[in-house]
Structures are given as structure tokens and as C-alpha cells.
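Spelled out from the first residue to the last, the chains are:
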Amino acid sequence: MMNSERLANVALAGLSLAPLVVNVDPNLNVVLTACLTVYVGCYRSVKPTPPSETMSNEHAMRFPLVGSAMLLSLFFLFKFLSKDLVNAVLTCYFFVLGIAAFSATLLPAIKRFLPTKWNEDLILWHFPYFRSLEVEFTRSQIVAAIPGTIFCVWYAKQKHWLANNVLGLAFSIQGIEMLSLGSFKTGAILLAGLFVYDIFWVFFTPVMVSVAKSFDAPIKLLFPTADLKRPFSMLGLGDIVIPGIFVALALRFDVSRGKEPQYFKSAFLGYAVGVISTIIVMNWFQAAQPALLYIVPAVIGFLAVHCIWNGDVKPLLEFDESKTQSSEEVAAKESKKVE
């Protein structure tokens, strides 16, 4: 783990706990938390082996449509069914997901203190009565699941904003770490589609805001305010994860070329500017804003200008993670050349 990544982890943990003891400006909290989460997720996404599965252009085109269908489904569920019943079912669902996400987020830190055998030896477990279903895991993952389970039990019982935020951050970090766009073309298609999606559902319908307020699950981060009428400011996880996987792709592009992170810096700066712009406009108009309206043009714009300035448009557009070689393959080829 790099020093900068370690510092970002510590800062993110401290920022999450700070509102418990001191008054933290919610606007500043939103900006810093979003940026630190993206930073941590991006560096965790850099791995020796390229991703086995990446998003295709077709998937990117369909994503806003699938998202719209899910959003409408949730809207009608909350409209025609008991809100408590819907949220009870969702709590059970996110309880299981939360254990997996929180455990996976803690795992790299926990593995450093456990024997190598615990980290590498796989245990194969078959489901009773369904022998064809099997799960692989290590002892380290079992150890990581213990605090994950305890934390999720606390969340399910108390629904405290801190528990919500920690699980939300775990989901965000894991999303940025695990999801791969494959190429910048696919990323541009996805961001453009969700740019329109966010504008439509926030500005032209009450659906997005209604679901966000009714949905009692860690799909949004809550930032305490001093306003009794509006005790929390909210930021949806999609406003972190979706642009975050694009910024992470820029970092892996830099790494694949064996250069210092330059396009990552421009994309990350664009993200920070986009989040700040969202906060400014939201406070100016005192109304909910589609964050991707400001984040998407900033991220793509900053990266595009930097890329054009350096004359790297062609290699950036040709970059495809599914065709990149792992570090082991590169080392093997180099050793053959030496022989």
C-alpha cells in the first residue's frame, strides 16, 4: 500500500468519525468524503492481473435503461406497499451484501497480520441438499467476516447514520475496485447515458428524490447538519462509483504505460471540481441537484483537454483493459528474451 493511499484511508476514517465529536460543515464533508473514497478505490483497483470481465459498449448503453426500470420499480413499491415492509426486505438484502463488502474492504489490512497459509489455502464448501452449489474462501476471509457481521448487526438494529455511511463507503470502494469499464470509449458511453438519466429523473420527475428519501438502506451517504428541518445532507453512491470507475481507468491507463499518474490526476481533479460545483449550485438554488450533471462534463472535460494537450488521444482511445497483459505474462516474456 502506498503512503498516499494509507493517508487517504486514515483521513477517510477520521472524517467519517469526526461529526460524532465536532461540528463538521456538511458541504466540506461531502466534498472531502467523495474525493477520498474515489482516491482509495482507484488505487485499490490497480492489480497485477487485468480484470477478467469488462463492460461492453452494449452493456454501457443499456445501463441507464436498466437503472430507470429499477428506479421506477422502487418508486411504485414505496407508493403501493408499506414503506416499513419494503425497507425490512431491503435491510435483509443489504445485510448480506454489507457483510461481503465490509469484509472485502478490511481484508487487505487483516491479511498482513495472518499466516500466509491462511491467506492462500482455499476451503471449498458445498451447500447442503444442493451439492452442485459451492463456495470458495480462505481462513483470512472468515476472520474478516467476523467484524463485518458484527457491524452489519449494529446497522440492522440501530440504523445509525455512521453505520450507514461505513457500509456505503465499503460498497463504493468495492465498486470502484472491482468494476472495469474496459475502455475509455465504453466509459464515455456510460457516463453520457447516466448524465441524461440523472438530469431526467431529478429535474423532470419526483421519482429520484422520493426514492432517495424513502429508501432506508446504505445506497447514500448521510452528512449531519445543524438544521433541524433537514438533519442530513445526502450524496448517492452512484455519484461516487460511476465517475470513480472512470477515474480508476485513467489511473490504470497511466500504470499500463509505466508512467507517473498524469491522466489520473486530471480526471481526479475534474471529479473534485464537479462535486464542488454540485454543492455550490445546490446551495445557491436550495434544491436537490443531479450531481452527474456537473461531475460528468468535468471528469471527461479535464481528461480530454489534458490528453489533447499531450497528443495522447490515439493511445487513450485505443486502450482496452481486456487486451492488456498481466505483469506475470510480461515478466515471462522478458525472461525468454534474456534466455
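Predicted model only: the values in this text are computed from it and were never measured.

An account of the packing of aromatic side chains is requested, with residue identities and associated values reported.
Enumeration over the complete set of coordinates arrives at 20 aromatic pairs. Between Phe253 and Tyr263 the ring centres are 5.9 Å apart and the planes differ by 40 degrees, which places this aromatic pair in the tilted class. One end of the pair, Phe253, is in helix α10 (residues 238-256); the other, Tyr263, is in helix α11 (residues 263-285), with 10 residues separating them in the sequence. Pair check on accessibility: Phe253 and Tyr263 agree, each one buried. One aromatic cluster in this structure is built from Phe78, Tyr93, Phe94, Phe171 and Phe215.

Residue-level account of the packing of helix α7 (residues 161-178) against α10, with values.
In the contact formed by α7 and α10, the axes pass within 8 Å of each other and the chain directions differ by 35 degrees. Of the two possible hands of crossing, α7 and α10 adopt the one that is right-handed. Contact residues: Ser172, Gly175 and Ile176 in α7; Ile240, Val241, Gly244, Ile245 and Ala248 in α10. Of the residues contributing to the contact of α7 with α10, the split by class is 5 nonpolar, 3 polar and no charged.

Account for the pattern of salt bridges, with residues named and values stated.
Taken as a whole and judged by the stated rule, the model has 5 salt bridges. In this structure, the salt-bridge partner of Glu177 is Arg44, at a minimum N-O distance of 2.9 Å. Note that Glu177 is positioned in helix α7 and Arg44 in helix α2 (residues 26-44), a separation of 133 residues in sequence. Both residues of the pair, Glu177 and Arg44, count as buried. Note that Asp216 is salt-bridged to Lys159, the shortest N-O span being 3.3 Å. Here the residue Asp216 occupies a position in the loop between α9 (207-214) and β3 (220-224), and Lys159 occupies one in the loop between α6 (139-158) and α7, the gap between them amounting to 57 residues. Of the residues examined, Asp216 reaches a relative accessible area of 35% and is grouped as partly exposed.

If you had to explain the nonpolar core to someone new, which residues and values would you point to?
Ranked by size, the top nonpolar core spans 83 residues in total, and within it Phe184, Val247 and Tyr271 carry the most contacts. In contact with Phe184, not counting residues within four places along its chain, are Phe246, Leu249, Ala250, Phe253, Leu303, Leu316 and Phe319.

Could you give me a rundown of the UniProt feature "transmembrane region" (unreviewed entry) in the protein, with the residues and numbers involved?
Sites flagged by UniProt as "transmembrane region" (unreviewed entry) map to residues 60-78, 85-110, 137-156, 188-212, 232-251, 263-285 and 291-309. Between the first and last C-alpha atoms of residues 137-156 the distance is 25 Å; the span itself is 90% helix and 5% strand. Between the C-alpha atoms that bound residues 232-251 the distance is 33 Å, and the span itself is 70% helix and 25% strand.

So what's going on with the packing of α2 against α10? Which residues, and what values?
Packing of α2 against α10 brings their axes to within 9 Å, and their N-to-C directions diverge by 45 degrees. In terms of their interaxial angle, α2 and α10 are classed as oblique. Relative to α10, the crossing made by α2 is right-handed. Here Ala34, Thr37, Val38, Cys42 and Tyr43 of α2 come into contact with α10, specifically with Ile240, Gly244, Val247, Ala248 and Leu251. Of the residues that constitute the contact of α2 with α10, the class distribution is 8 nonpolar, 2 polar and no charged.

Please provide a residue-by-residue account of a nonpolar patch on the surface, values included.
Together, Leu17, Leu20, Val21 and Val22 make up a nonpolar patch on the protein surface, roughly 390 Å² of accessible area in all. Take Leu20: it is sitting in the loop between α1 (3-17) and α2. Exposure remark for Leu20: the relative accessible area of 47% places this residue in the partly exposed category.

For the pairing of strand β4 (residues 232-236), give the residues involved together with the corresponding values.
Where burial is concerned, the two faces of β4 differ: the one with Ser233 and Leu235 is buried and the one with Phe232, Met234 and Gly236 is not. Direction of pairing for β3 relative to β4: antiparallel, over a ladder of 5 bridges. Counterpart to Leu222 in the pairing with β4 is Met234.

Outline the environment of Lys157, listing residues and values.
With respect to the secondary-structure elements, Lys157 resides in helix α6. For Lys157, a relative accessible area of 67% translates into the label exposed. C-alpha of Lys157 to C-alpha of Ala104: the two residues are 53 residues apart in sequence and 22 Å apart in space.

Calculation notes
Residues numbered from 1 in each chain as written. Predicted model: local features only at pLDDT ≥ 70, side-chain atom pairs only at ≥ 80, totals over all residues. Heavy atoms only, no water. Phe/Tyr/Trp six-rings, centres within 6.5 Å; stacked < 30°, edge-to-face > 60°. Helix = DSSP H or I, 4+ residues; strand = E, 2+ residues; numbered from the N terminus. Buried < 20%, exposed > 50% of the residue type's maximum accessible area, 1.4 Å probe, protein only. Axes fitted to C-alpha atoms, helices over the stretch in contact; angles between N-to-C directions. Left-handed = near helix turned anticlockwise from the far one by under 90°. Contact = heavy atoms within 4.5 Å. Nonpolar A, V, L, I, M, F, W, Y, C, P; charged D, E, K, R; others polar. Salt bridge = Lys/Arg side-chain N within 4 Å of Asp/Glu carboxyl O. Core = buried A, V, L, I, M, F, W, Y, C linked by side-chain atoms within 4.5 Å. UniProt positions renumbered as here; feature names shortened; annotations may be inferred. Parallel < 35°, antiparallel > 145°, perpendicular 65-115°, else oblique. Patch = residues over 30% accessible without salt bridge, like charges linked within 9 Å, V, L, I, M, F, W, Y side chains within 5 Å. Areas by Shrake-Rupley, 256 points an atom, 1.4 Å probe, with all protein chains shown as cover. Pairing = 2+ DSSP bridges.

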